[in-house]
Each structure stands twice: as structure tokens, then as C-alpha cells.
Amino acid sequence: MFHIAIDGPAGSGKSTIAKSIAGILGCKYLDSGAIYRIIGYHMTKKNIPLKKSQEFTEELKNVKIEVKNDKYYLFDEEINEQIRKKESGMYASEVAKIGEVRDKVNSILRSISSKMSTVIDGRDIGTVVLPDAEFKIFLTASPEERARRRFCELREKNISAEYDEVLKEINERDAADTLRNLAPLRPAEDSVTIDTTSLSVEDVVGRIKRYVEEKKQ
Ligand code: CDP
């Protein structure tokens, strides 16, 4: 069994790359951001402010989240499109500042990783969730390139967006994620950083494959 941590900011290509690597190596892909998004979505739907409070803590205890066959479930209902809206990333970033939320997400990720090989993407996988992961990659790209990618993704899904607005959101989320006290976004000391600004998906996947093969020997 082995584990691969892929961390980095929004739009650095984590999910595309992580999915592809998991497919090539035949292990399970876990999207940690999706779980933060589900919690943000659920609390917002229930009109519970996204900050630490007794009401929030109580509701968090009741929230049932499951990952089955690469699908994410909230109280037995499959969740996907609902958490891919423009505002969902910011909601996720808000709940991600709360320690109890992080504990809940981490226990879901660790419980699955204790049973099988996983590739997990996120912000703190190599630093906090799986500090003993055998392979750690930190993906980056310029904010403008990341905003361009996110903008194209939204357009493909027919979600209307302005490039400037997407760039602003990327910059705000970068600030929230790197400056927070709990598990801030940063490369693990034993990670390899890949700047993907001018690399294709195939280039990045190739580099990670080589890194894994070399390190395995
Ligand atoms: O796909 P994208 O990179 O835009 O976002 P995501 O991975 O779905 O994560 C959404 C938000 O959840 C991030 O901006 C973080 O605030 C938070 N998050 C986190 O704190 N720790 C993780 N391991 C994953 C996500």
C-alpha cells in the first residue's frame, strides 16, 4: 500500500492530475476539497453561519458524508453539481478554517487510506492528513493561468463568469488558504514542487510518474 499527496492552490490542476495518476497506478482518488465543499453547501442550505458556534458544531456532528465508488454522498444523496457552483469554493474556504471541520474531513480521508492505496488532492495532505505519505507533490501555477483555467472550466459547464471576477476569487482564496492558522496551504518539506504554468496535463503526469518510479527504486 502507498499514498500520494497532491497539494496546491485553486486551479493548479490538482484534480485532473490526481485522477489521472490514480488511474495509471490503479489506486483510489480522493478529492478532499469536495468534502469541505459539501460541508459548506450543507451549512449554507440550512442557513447556519459559516463560523464556529454551538449551532454549527451540533449540525456538523449530524452531517453524514460518505464516499462510495468515487461518488460523494450527503445523507445518502449523491452530491456533485451542487458543490461546483462559483460560490462553493468560498464557502468551503470558510468552513475549512474551523478545526472541528478539518478533524471530520481528515478522519474520512484517513479511514479510507488505512485500507487502500490512495491519491488525495488538497491543501494539507502532505503536511497534516498523511504526513507519512511516500510521495508528495506540490503543484503551482501563476494566478493568471489558474484563473484562465477555472474560467474555461466554468464556460465549458455553461456557468457564466467574468475572467476578472474569477481571478479576484482565486486571489482571495489563495490568501484565505495560505494565511489561516490551521493547516495553511504550504508545500511539505519533503515534497517536490512542479510549476505547471506552461506545462500540459500530459507533461505534469509524466513528471509525477517518473518521480514515483524513481523514488520506488
Ligand atoms: O478545486 P479547487 O482547488 O478550487 O478547490 P477545492 O480543492 O475543491 O477546495 C476548496 C476549498 O476547501 C479550498 O480553497 C480550501 O479552503 C479548502 N480545502 C482545505 O482547506 N484543505 C483541503 N485539504 C482541501 C480543501
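Data block above holds the structure.
Residues numbered from 1 in each chain as written. Predicted model: local features only at pLDDT ≥ 70, side-chain atom pairs only at ≥ 80, totals over all residues. Heavy atoms only, no water.

A.B. asks: Help me understand the site of the ligand in this model?
C.D. replies: What surrounds the ligand is a group of 18 residues, the closest being Arg37, Asp124, Arg150, Arg173 and Asp177. Between Ser32 and the ligand, the recorded distance is 3.0 Å, taken from a side-chain N or O atom to a nitrogen atom. Side-chain polar atom of Ser93 to an oxygen atom of the ligand: 2.8 Å apart, as the coordinates give it. Relative to its free-state accessible area of 530 Å², the ligand is covered by the protein chains to the extent of 96%. Elements represented by at least two residues in the shell around the ligand include exactly α2 (32–45), α4 (88–95) and α8 (163–179). No other element matches the 4 residues that α2 contributes to the shell around the ligand. Grouping the constituent residues of the shell around the ligand by class yields 5 nonpolar, 4 polar and 9 charged. (Near = heavy atom within 4 Å. Polar contact = N/O pair within 3.5 Å; in protein donor to acceptor, adjacent residues only side chain to side chain. Areas by Shrake-Rupley, 256 points an atom, 1.4 Å probe, with all protein chains shown as cover. Helix = DSSP H or I, 4+ residues; strand = E, 2+ residues; numbered from the N terminus. Nonpolar A, V, L, I, M, F, W, Y, C, P; charged D, E, K, R; others polar.)

A.B. asks: What is the right way to read helix α9 (residues 201–216) from this model?
C.D. replies: Helical geometry: 3.6 residues make up each α-helical turn, so side chains three or four residues apart lie on a common side. Its 16 residues place the ends of α9 22 Å apart at the C-alpha level, agreeing with the 22 Å of an ideal helix rising 1.5 Å per residue. Inspection of α9 places Val204, Val205, Ile208, Tyr211 and Val212 among the buried residues, and these make up the whole buried set. Projected down its long axis, α9 carries its buried residues within an arc of 125°, all on one side. Facing away from the buried side of α9, by more than 90 degrees, are the exposed residues Glu202 and Glu214. Packed against the buried residues of α9 are β1 (3–7), α1 (14–25), β7 (135–140) and β8 (192–195). (Expected span 1.5 Å × (residues − 1). Buried < 20%, exposed > 50% of the residue type's maximum accessible area, 1.4 Å probe, protein only. Arc of directions from axis to C-beta. Contact = heavy atoms within 4.5 Å.)

A.B. asks: Quick question: what am I supposed to make of the sheet that holds β8 here?
C.D. replies: Neighbouring strands of a sheet are bound in pairs by backbone hydrogen bonds; such pairs are parallel or else antiparallel. Taken in spatial order, the 5 strands of this open sheet run β2-β6-β1-β7-β8, and their pairing is parallel. Because the sheet does not close on itself, it has two edges, and the strands there are β2 (28–31) and β8. If you compare each strand with its neighbour and ignore which way they point, the axes differ by 20° on average. In this sheet, strand β6 (residues 118–122) lies alongside β2 in parallel orientation, the contact comprising 4 bridges. (Pairing = 2+ DSSP bridges. Axes fitted to C-alpha atoms, helices over the stretch in contact; angles between N-to-C directions.)

A.B. asks: What is the right way to read the packing of aromatic side chains from this model?
C.D. replies: Aromatic rings in a pair are described by how distant their centres are and how their planes are angled relative to each other. This model, assessed by the stated rule, comprises 3 aromatic pairs. Look at Phe2 and Phe135: their rings are 6.1 Å apart centre to centre, the planes differ by 80°, and that puts the pair in the edge-to-face class. Of this pair, Phe2 sits in the segment before β1 while Phe135 sits in strand β7, and the two are 133 residues apart along the sequence. On the basis of relative accessibility, which here comes to 15%, the residue Phe2 falls in the buried class. The exposure class of Phe135 is buried, given its relative accessible area of 4%. Ring centres 6.0 Å apart and planes at 85° place the aromatic pair Phe135 and Tyr211 in the edge-to-face group. Of the two residues, Phe135 sits in strand β7 while Tyr211 sits in helix α9, which places them 76 residues apart along the sequence. For the pair Phe135 and Tyr211, a shared accessibility class is recorded, and that class is buried. (Phe/Tyr/Trp six-rings, centres within 6.5 Å; stacked < 30°, edge-to-face > 60°.)

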